[in-house]
Amino acid sequence: MIRIKCPYCGLRDHSEFNYIGDATKLRPINPELANDDEWFDYIYIRDNPRGVHQEYWQHISGCRSYVKVLRDTVTHEVLKTGLPSDDLLFSYEAEK
Amino acid sequence: MVDKDYNLPSIKRQSALDGQIESGRFGNCKTEPGIFIEENHPLSIVQLETREPPQKDFLNVIQNLFNFDVPLAPNTSKASDKTRIIWTGPNRWLIVEPETRDLTSLIKSQIKETSFSIVDLSHARSSIGIDGFMTRDLLLKGAAIDFHPEVFLVDHCVQTTFFNLSALICCLDENRFNIFIARGFALDLWQKVQEAAEEFGYETL
Ligand SMILES: [Zn+2]
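A brief look at the structure comes next. (Residues numbered from 1 in each chain as written. Chains lettered and ligands numbered in written order. Predicted model: local features only at pLDDT ≥ 70, side-chain atom pairs only at ≥ 80, totals over all residues. Heavy atoms only, no water.)

Overview of the packing of helix 1 (residues 56–66) of chain B against helix 2 (residues 103–110) of chain B
All names here are of chain B.
Then, number 1: The contact between helix 1 and helix 2 brings their axes to 10 Å, and the two run at 135°. Classed by the angle they form, the pair helix 1 and helix 2 counts as oblique. Here the hand of the crossing between helix 1 and helix 2 comes out right-handed. Across the interface between the two elements, V61, L65 and F66 of helix 1 pack against L103, L106, I107 and Q110 of helix 2.
Then, number 2: Split into classes, the residues belonging to the contact of helix 1 with helix 2 amount to six nonpolar, one polar and no charged. (Axes fitted to C-alpha atoms, helices over the stretch in contact; angles between N-to-C directions. Helix = DSSP H or I, 4+ residues; strand = E, 2+ residues; numbered from the N terminus. Parallel < 35°, antiparallel > 145°, perpendicular 65-115°, else oblique. Left-handed = near helix turned anticlockwise from the far one by under 90°. Contact = heavy atoms within 4.5 Å. Nonpolar A, V, L, I, M, F, W, Y, C, P; charged D, E, K, R; others polar.)

What to know about helix 4 (residues 186–197) of chain B
For an α-helix, 3.6 residues make a turn, and residues three or four places apart therefore share a direction.
Residue and element names in this part refer to chain B.
Then, number 1: Compared with the 16 Å implied by 1.5 Å per residue over 12 residues, the 16 Å span of helix 4 between its first and last C-alpha is a close match.
Then, number 2: Taken as a whole, helix 4 has its buried residues at A186, L189, W190, V193, Q194, A196 and A197. All buried residues of helix 4 project into a common sector of 165° when viewed along the axis, lining one side. (Expected span 1.5 Å × (residues − 1). Buried < 20%, exposed > 50% of the residue type's maximum accessible area, 1.4 Å probe, protein only. Arc of directions from axis to C-beta.)

Quick notes on the pairing of strand 4 (residues 52–58) of chain A
All names here are of chain A.
Then, number 1: The element strand 4 is extensively covered by neighbouring structure, given that five of its seven residues are classed as buried.
Then, number 2: Bridge count between strand 3 (residues 18–22) and strand 4: four bridges; the pairing is antiparallel. Bridged to D22 within strand 4 is E55.
Then, number 3: Note: strand 4 against strand 5 (residues 66–72), seven bridges, orientation antiparallel. (Pairing = 2+ DSSP bridges.)

Focus on the nonpolar core
General note: in soluble globular proteins, nonpolar side chains tend to be found buried as a group.
Then, number 1: Formed by 30 residues in total, the largest nonpolar core has its most connected members in I35(B), L138(B), F162(B) and I179(B).
Then, number 2: Taken together, the elements giving at least two residues each to this core come down to strand 2 (35–39), strand 8 (125–131), helix 3 (135–142), strand 9 (157–162), strand 10 (165–173), strand 11 (176–182) and helix 4 of chain B.
Then, number 3: Broken down by element, the residue count for this core peaks at six residues, all from helix 4 of chain B.
Then, number 4: When neighbours within four sequence positions are excluded, F162(B) is seen to be in contact with L138(B), L139(B), G142(B), A143(B), A167(B), I169(B), I179(B), L189(B) and V193(B).
Then, number 5: Listed in part, the 28 residues of the second largest apolar core include W57(A), V67(A), I85(B) and I107(B). (Core = buried A, V, L, I, M, F, W, Y, C linked by side-chain atoms within 4.5 Å.)

A short note on the sheet that holds strand 3 of chain A
All names here are of chain A.
Then, number 1: Strand order in the open sheet formed by four strands is 3-4-5-6, and the pairing between neighbours is antiparallel. Strands with a single pairing partner mark the edges of an open sheet, and in this sheet they are strand 3 and strand 6 (78–82). Taking the axes of each pair of neighbouring strands and ignoring which way they run, one obtains an average angle of 30° across the sheet.
Then, number 2: Pairing of strand 5 with strand 6 involves four bridges; the strand directions are antiparallel. Its bridge partner lying in strand 6, K68 is registered against G82.
Then, number 3: Across the sheet, helix 2 (residues 88–95) is in contact with strand 4, strand 5 and strand 6; its angle to strand 6 comes to roughly 125°.

Focus: the coordination of the zinc ion
Residues and elements named next belong to chain A.
Then, number 1: Protein coordination of the zinc ion is provided by C6 (SG), C9 (SG), H59 (ND1) and C63 (SG), with donor distances spanning 2.0 to 2.5 Å.
Then, number 2: Given four donor atoms and angles of 101 to 122° at the metal, the environment of the zinc ion is assigned as tetrahedral.
Then, number 3: Within one chain, the residues serving as donors to the zinc ion are arranged as C-x2-C-x49-H-x3-C. Of this pair, C9 sits in the loop between strand 1 (3–6) and strand 2 (10–13) while C63 sits in the loop between strand 4 and strand 5; the two residues are 54 residues apart in sequence, bridging distant segments of the chain. Comparing C9 with C63 shows no difference in burial state: the two are buried. (Donors = N, O, S within 2.8 Å, 3.2 Å for Na, K, Ca; no water. Tetrahedral: all angles 85-135°; square planar, octahedral: opposite > 155°, others 65-115°.)

Quick notes on the pairing of strand 9 of chain B
Residue and element names in this part refer to chain B.
Then, number 1: With respect to burial, strand 9 is a largely interior element, six of its six residues being buried.
Then, number 2: Burial along strand 9 is two-sided: the face carrying C157, Q159 and T161 and the face carrying V158, T160 and F162 are both buried.
Then, number 3: Where strand 9 lies against strand 10, six bridges are found, and the strand directions are antiparallel. Across the sheet, the residue bridging to V158 is I169, located in strand 10.
Then, number 4: What sits between the antiparallel neighbours strand 9 and strand 10 is a turn of two residues, in which F163 has the positive phi angle 50°.

Here it is, written out as structure tokens:
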């Protein structure tokens with residue numbers, strides 16, 4: 001069982017959360033100027049990393065907030081969680 | 001049409017559990033029942049949400065209406081004899097009281113700022129109350145939450161999955177809890193609680 005710490009509600013079972021997706025993808029900075037390739041990349045192209053991955057989850061059965069989660073895709077260990085605006089990878093690397 | 005005295009419309013609010021509750025003692029009742037179950041009905045249930053952390057004006061309105069403040073800490077609630085305000089998310093609360101007045105219109109008429117939303121959920125939620133000395137043991141069977149009395153204190157609340165249903169569980173007193181659930185799941189919840197309470201012996205009120 002994966003347990004995820006919601007920044008508001010505290011540590012809960014992952015069954016209370018929905019997986020939303022890759023949190024490393026950024027929307028084109030100038031949406032009006034972005035071409036089809038950039039949109040295609042933003043919407044469809046995902047890496048499938050082995051190891052540390054930054055992703056969005058939603059605390060759907062709890063406070064309904066989005067939560068950012070740093071998870072190891074091999075061990076499923078949840079390394080860090082935070083608000084959607086947090087850069088978890090940066091703080092995780094800095095603490096190592 | 002909003003009644004200017006905030007009276008209720010004359011139509012009776014119908015419970016989702018109407019005709020489903022058989023009162024009496026059931027299960028392992030050789031001694032006193034360990035669990036008491038009842039439906040809380042009719043309730044005024046109003047969701048209030050502000051876009052930003054609430055401003056002073058907003059807080060003052062709530063304070064004036066209910067004589068206490070909205071709880072700002074996650075997983076907590078505050079209550080008077082009549083009304084309970086429950087934290088349900090960042091800048092979001094559920095205001096609950098036995099239905100005696102048009103609570104939504106009353107609150108709406110008082111709040112002057114524009115960046116808030118108010119939704120009447122009275123008909124969208126069902127609530128049951130559980131009491132008795134085995135209540136915390138019963139709750140443990142349905143949710144992966146620490147219900148120990150030193151951890152889950154009075155006025156504490158959680159939103160979690162309870163027997164696989166999304167539920168809001170609120171502690172009113174040492175052994176007394178209210179559970180709120182989407183109306184369509186009311187009967188499912190009622191039956192699951194009954195089933196879970198069999199081993200403790202239960203009384204429906
Ligand atoms: Zn949460």
